[in-house]
Amino acid sequence: MAIIETEAPLHEAHRDNHTHRDVNGGWLRPAVFGAMDGLVSNLALMTGVAGGAASQQTIVLSGMAGLAAGAFSMAAGEYTSVASQRELVEAELDVERRELRKHPKDEEAELAALYEARGVEPQLAREVARQLSRDPEQALEIHAREELGIDPGDLPSPTVAAVSSFGSFALGALLPVLPFLLGAAALWPAVLLALAGLFLCGAVVAKVTARSWWYSGLRQLALGGAAAGVTYALGTLFGTAVG
C-alpha cells in the first residue's frame, strides 16, 4: 500500500506539470516578426537618412513616417495573409464535410486505412473508425487532423494577427526614434537603444524556442547592426553623389 500511495501522487504530478507551449496560436509569429521588422527597418531607414547628412528634424520625420507606414502595412499584410489562409482551410473543411455527408462509409473506411497504415491492427482500426464516425462533428475534426493536419477549432484569427503585428511593429519602430523625441541630438543613442532592443527581442524569442538566449540575442543584434551599417554607407554614398 505504501508503494501505491507514493507512486500515485508522482503520476498525478507528472500529468499536471506536462504542458506544452502554444505553437498554433495566431499571435506569436506576427508579434515577433513585427517587432523585429520594426526595429530593423526603422533603424536602417533612419541611419540611411542620417548618412546622407540630413538634419535632425528630417531624421525624426523619416522615423515617424516609417513607423506609421510600416505598422499599417504589416497589419494589412498579416490580416490578408491569415484571412486568405483561413478561407482556404474553411473551403477544404466544407469539402470534407460534404464527403462525410454523402459517402460516410467510404470516409469511415478511409479513416480505418489511415490507422492501419500507422500500425493499428485492421480489425481494431475499423472499430475505432466506426466509433469515431458516429458523431459527424467529431468525424470532421478527426479527418481534418489526419488528412489536412489542422484543428478546425483552433484556426488563426486574422484580427489577432493584424493587431499583434501592428502593435509590435510600432513598438519596435519607436525605439530608434525615442532618443530624438527625448532630446538627443546625435544618432548614436538611437543606434545603441535599437541594438539593445534587438538583443532583448532575440533573447525573449529564445524563451519559446530551443535556442539559447545569448545566441538568439546576438544573432538579432548582428543582423540589425549589419542592416544599419549598410544603409548608413549607402546614405553617405548617395548623399555625396546627390550633393
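The coordinates are above.
What counts and how
- Residues numbered from 1 in each chain as written.
- Predicted model: local features only at pLDDT ≥ 70, side-chain atom pairs only at ≥ 80, totals over all residues.
- Heavy atoms only, no water.
- Helix = DSSP H or I, 4+ residues; strand = E, 2+ residues; numbered from the N terminus.
- Expected span 1.5 Å × (residues − 1).
- Buried < 20%, exposed > 50% of the residue type's maximum accessible area, 1.4 Å probe, protein only.
- Contact = heavy atoms within 4.5 Å.
- Polar contact = N/O pair within 3.5 Å; in protein donor to acceptor, adjacent residues only side chain to side chain.
- Phe/Tyr/Trp six-rings, centres within 6.5 Å; stacked < 30°, edge-to-face > 60°.
- Patch = residues over 30% accessible without salt bridge, like charges linked within 9 Å, V, L, I, M, F, W, Y side chains within 5 Å.
- Areas by Shrake-Rupley, 256 points an atom, 1.4 Å probe, with all protein chains shown as cover.
- Salt bridge = Lys/Arg side-chain N within 4 Å of Asp/Glu carboxyl O.
- Lys, Arg positive; Asp, Glu negative; His and termini not counted.
- Charge placed at Lys NZ, Arg CZ, Asp CG, Glu CD.
- Axes fitted to C-alpha atoms, helices over the stretch in contact; angles between N-to-C directions.
- Parallel < 35°, antiparallel > 145°, perpendicular 65-115°, else oblique.
- Left-handed = near helix turned anticlockwise from the far one by under 90°.
- Nonpolar A, V, L, I, M, F, W, Y, C, P; charged D, E, K, R; others polar.

S.K.: Explain helix 6 (residues 136-148) here, please?
M.R.: In an α-helix, one turn spans 3.6 residues; hence positions three or four apart end up facing the same way. Taking 1.5 Å per residue as the helical rise, helix 6 with its 13 residues ought to reach 18 Å, and the 17 Å between its terminal C-alpha atoms agrees with that figure. Listed as buried for helix 6 are Ala139, Leu140, Ile142, His143 and Ala144. At its buried positions, helix 6 is contacted by helix 3 (56-102), helix 4 (104-117) and helix 5 (122-132). The N-cap of helix 6, judged by a side-chain oxygen 3.2 Å from the amide nitrogen of Glu137 a few residues on, is Asp135. Of the residues one or two after helix 6, Gly149 is the one with positive phi, at around 70°.

S.K.: Looking at this model, I keep getting lost on the packing of aromatic side chains. Mind explaining?
M.R.: Aromatic ring pairs: the centre-centre distance and the angle between the two ring planes describe each pair. In this structure the tally under the stated criterion is three aromatic pairs. With a centroid separation of 6.1 Å and an interplanar angle of 85°, the aromatic rings of Phe199 and Trp213 are classed as edge-to-face. Taken together, the residues span a long stretch of sequence, with Phe199 in helix 8 (residues 188-205) and Trp213 in helix 9 (residues 213-242) at a distance of 14 residues. Since its relative accessible area comes to 49%, Trp213 is described here as partly exposed. Seen in terms of ring centroids, Trp214 and Tyr215 are 6.3 Å apart; in terms of plane orientation they differ by 80°. Their pairing is edge-to-face. A relative accessible area of 32% means that Tyr215 is categorised as partly exposed.

S.K.: Whenever I open this one, unusual backbone geometry confuses me. Can you help?
M.R.: Negative phi values dominate among residues other than glycine, just as trans dominates among peptide bonds. For Ala53, which is not glycine, the phi dihedral falls at a positive 65°. Note that Ala53 resides in the loop between helix 2 (28-51) and helix 3. Residue classification places Ala53 among the exposed positions, given a relative accessible area of 69%.

S.K.: Explain a negative patch on the surface to me, please; I cannot follow it from the model alone.
M.R.: There is a patch of like negative charges on the surface, built from Glu99, Asp106, Glu110 and Glu147. Summarising the element assignment, Asp106 is placed in helix 4.

S.K.: Sorry if this is basic, but what is going on with the pattern of salt bridges here?
M.R.: A side chain of one charge can pair with a side chain of the opposite charge if their charged atoms are brought near each other. Scanning the entire structure with this criterion turns up six salt bridges. The partner of Glu90 in a salt bridge is Arg86, with the nearest N and O atoms 3.2 Å apart. Placement of both Glu90 and Arg86 in helix 3 is noted, with a separation of four residues, approximately one turn of the helix. Residue classification places Glu90 among the partly exposed residues on the basis of a relative accessible area of 32%. Here Arg86 falls in the partly exposed class, since its relative accessible area comes to 27%. A salt bridge links Glu141 to Arg145; the shortest N-O distance between them is 2.9 Å. One end of the pair is Glu141 and the other is Arg145, both in helix 6 and four residues apart, which spans about a single turn.

S.K.: Just checking my understanding: could you explain the environment of Gly34 for this structure?
M.R.: Considering the arrangement of structural elements, one finds Gly34 in helix 2. Here Gly34 falls in the buried class, since its relative accessible area comes to 0%. Sequence-wise, Gly34 and Phe166 are 132 residues apart; in three dimensions their C-alpha atoms are separated by 7.1 Å. Leaving out residues up to four positions away in the same chain, Gly34 has contacts with Met74, Ser165, Ser168 and Phe169.

S.K.: What's the story with the packing of helix 3 against helix 6 in this structure? I'm lost.
M.R.: When two helices pack together, their arrangement is given by the angle between the helix axes and by the axis-to-axis distance. One can describe the packing of helix 3 onto helix 6 by two numbers: an axis separation of 10 Å at closest approach and a directional angle of 125°. In terms of their interaxial angle, helix 3 and helix 6 are classed as oblique. The interaxial crossing formed by helix 3 with helix 6 has right-handed handedness. Across the interface between the two elements, Glu92, Leu93, Glu96, Arg97 and Leu100 of helix 3 pack against Pro136, Ala139, Leu140, His143, Ala144, Glu147 and Leu148 of helix 6. Looking at the contact of helix 3 with helix 6 residue by residue, the class counts come to seven nonpolar, one polar and four charged.

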